[in-house]
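# Fold and geometry: a report
Below, each chain spelled out in residue letters.
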Amino acid sequence: MMAVEEHKALVRRLVEEFWNQGNMGTADELLTPDALIVLPGRGQVGLADFKAFARAFRSAFPDWQTTIEELVVEEDRAAERWTGRGSHQGEFEGIAPTGRAVTVPGVVFYRITAGKISEFRGQLDGLALLHQLGVIPDKQ
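About the cut-offs
Residue numbers run consecutively from 1 along every chain, following the written order of its sequence. Given that this is a predicted model, residues contribute local features only at a pLDDT of at least 70 and side-chain atom pairs are listed and counted only at 80 or more, while totals for whole chains, interfaces and linings are drawn from all residues. Only hydrogens and water are removed before side-chain values are computed, so all heavy atoms of the structure are retained for them. In this description a helix means any DSSP run of H or I spanning at least four residues, a strand means any run of E spanning at least two, and both kinds are numbered starting from the N terminus. Only C-alpha atoms enter the radius of gyration, while the globule expectation follows 2.2 Å times N to the 0.38, with N the number of residues. Residue contacts follow a heavy-atom distance rule, with two residues in contact if any of their heavy atoms lie within 4.5 Å. Values of accessible area rely on a 1.4 Å probe in the Shrake-Rupley scheme; residue burial ignores everything except the protein chains shown. Asp and Glu are treated as the negative residues and Lys and Arg as the positive ones, with His and the ends of the chain left uncounted. Charge placement uses NZ in Lys and CZ in Arg. For Asp and Glu, CG and CD serve respectively. Put simply, a salt bridge is a Lys or Arg side-chain nitrogen that is within 4 Å of an Asp or Glu carboxyl oxygen. Only protein chains enter the accessibility calculation, which uses a 1.4 Å probe. A residue is then buried if its area is under 20% of the maximum for its type, exposed if over 50%, and partly exposed in between.

### Remarks on the overall build of the protein chain
Helices and strands together make up the secondary structure of the protein chain, namely 4 helices and 6 strands. From first element to last, N terminus to C terminus, the protein chain shows the α and β order α-α-β-β-α-β-β-β-β-α. Taken against the 2.2 N^0.38 rule, which gives 14 Å for 140 residues, the C-alpha radius of gyration of the protein chain at 15 Å falls within 12% of a compact globule. A separation of at least 24 residues holds for 53% of the contacts in the protein chain among residues at least 6 apart in sequence. When the accessible surface of the protein chain is split by element, carbon and sulfur atoms take 52% of a total near 7,500 Å². Here the protein chain contributes 15 positive and 20 negative side-chain charges, whose respective centroids are spaced 2 Å apart.

This is the structure in structure tokens:
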């Protein structure tokens, strides 16, 4: 039972410090150096690219906040369903700032080994994001 609560605390800390506060050093502390990291549209990346993605994302959405909607832990695995919110203030994937507020759902699946995240497989609803930025038109 203790491991479950420790794993939940680890995920919550990554969300709060890394994603919400933009503290890139948190990734170095909480992930193993050889963690398997899979990002939407990018495939498998290393820790440096993971942090570069997060920096670029926070540059585009500087007020980004992620809320954990569900967090399920079983043995060495964790599943997180989240909702992210922010305003588009910087260039994102070649899209000039729109100033629009977005609300985007996503999920992350984790593996935790010896108190650190050894696997991170994240997905976000990219179509919803592009629709809210006005890149994809409303259905007629």
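Picking up where we left off.
### Some details on the pattern of salt bridges
Evaluation of the coordinates by the stated rule reveals 9 salt bridges. A salt bridge links Arg77 to Glu119; its shortest N-O distance comes to 3.8 Å. With Arg77 in strand S4 (residues 77–87) and Glu119 in strand S6 (residues 116–124), this pair connects stretches of sequence that are 42 residues apart. A residue is classified by how much of its surface remains accessible, and Arg77, at 36% relative accessible area, is partly exposed.

### Thoughts on unusual backbone geometry
Not every positive phi belongs to a glycine, and Glu75 is a case in point at roughly 55°. You will see that Ala114, though not glycine, has its phi angle at about 50°, which is positive. Within the secondary structure layout, Ala114 lies in the loop between strand S5 (101–113) and S6.

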